[in-house]
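Topology and contacts: notes
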Amino acid sequence: MLVYGPVPSRRLGHSLGIDLIPLKICSYDCIYCQLGRTTDKTIKRREYAAADDILADLQQVLTTGAKPDYITLAGSGEPTLNSMIGEVVARIKQLTDIPVVILTNGSLFWQPEVRQACLQADIIAPSLDAADEKTFHRINLPHPDVTFENMTRGLIDLRREYRGEIWLEILLLKGINDSLKAAEDFKYWIEQIKPDKVQLNTSVRPGTKLEILRLSQDELETIRDYIGGKTEIIATISPVHNKQEHTADQDHVLDMIRRRPCTLEDVANGLNLHRNSALKYLSDLERQGKIQYREHQGSRFYQAYS
Ligand code: SF4
């Protein structure tokens, strides 16, 4: 299935995900990536998943499952690398009035055809993890053709052309991009890009480098207050507000965990399961040797064996 969820999203409530890119094709290789190392670092756009297949899956899920708050185009890599993203957005808009969101690393908007392909989305949520070239390379390890300059220029051009909302996510990592100097530089770029919202996040899931520590709530609040304006903190799971019934079984749980490490609460909220049912599925999967768990900063994350 190219459609998964709904999953609980820190930004989007109950979000039905569409996987436009296979694991793990990306223009970045971020040090905090929860999907593991990038195996194909590229900026070459291709039809990684066919629009017909995506729409057929989506139609089926929408007729049988609970209505999600958003339909989110994402992937096990960078979704704008799928050359059919424009057609997918246009056909979803014909199918339903559920708002369409593109979750992107924002690295490719310097290409006019990428901006053009995303114009029909309701929300574009790009990342900006660094406010200077050096930190950009340290955190995002971009493809050689993606420079800090063309990435930021692309976001500025997107704002000029795009009428929907831009929610800019900044992921803060302790000791790397969380200084007041960095906050000052972020302010500069925020003024240039002019997003509708700035959303501060931090590394809350097991990443590829476990020495990276997340910021505390107090540290996030200090930076939020310093940046000011429309800045908010999204580094906690937002409460579930869609209570429609959703019948999930053990395969749904395994499918969700294969896409990213999840806590018991993620599984219960994302699949609308009672906590005890989610725990039972997780215990059964663990007994079958399909998943394992590990503790990370006070939370237990379940991961699938690859
Ligand atoms: S952009 Fe996203 S998918 Fe790509 S490496 Fe970074 S976190 Fe992972």
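The structure contained in this document is the topic of the report that follows. Every value quoted in this text rests on a predicted model; they were computed, and no experiment measured them. (Residues numbered from 1 in each chain as written. Predicted model: local features only at pLDDT ≥ 70, side-chain atom pairs only at ≥ 80, totals over all residues.)

**Overview of the overall build of the protein**
A tally of helices and strands in the protein yields 10 helices and 12 strands. Relative to the globule expectation of 19 Å for 306 residues, the C-alpha radius of gyration of the protein, 19 Å, shows essentially globular dimensions. Here the contacts in the protein between residues at least 6 apart in sequence split such that 73% fall between residues at least 24 apart. (Helix = DSSP H or I, 4+ residues; strand = E, 2+ residues; numbered from the N terminus. Rg over C-alpha atoms; globule rule 2.2 N^0.38 Å. Contact = placed C-beta atoms within 7 Å.)

**Looking at the site of the ligand**
Around the ligand, the neighbouring residues are C26, Y28, D29, C30, C33, L35, T38, G77, E78 and N105. Here the shell around the ligand is built from residues that sort into five nonpolar, three polar and two charged. (Near = placed C-beta within 6 Å. Nonpolar A, V, L, I, M, F, W, Y, C, P; charged D, E, K, R; others polar.)

**Here's the deal with the sheet that holds strand β1 (residues 3-9)**
Pairing is mixed across the open sheet formed by eight strands, whose spatial order is β1-β2-β5-β6-β7-β8-β9-β10. Unpaired on one side and paired on the other, β1 and β10 (231-233) mark the two borders of the sheet. Within this sheet the neighbouring strands show an average axis-to-axis angle of 30°, counted without direction. Inspection of the sheet shows strand β9 (residues 197-202) paired to β10 by three bridges, in the parallel sense. Note that in β10 the partner of V198 across the bridge is T231. (Pairing = 2+ DSSP bridges. Axes fitted to C-alpha atoms, helices over the stretch in contact; angles between N-to-C directions.)

Don't take any of this as a statement about function, it's just geometry.
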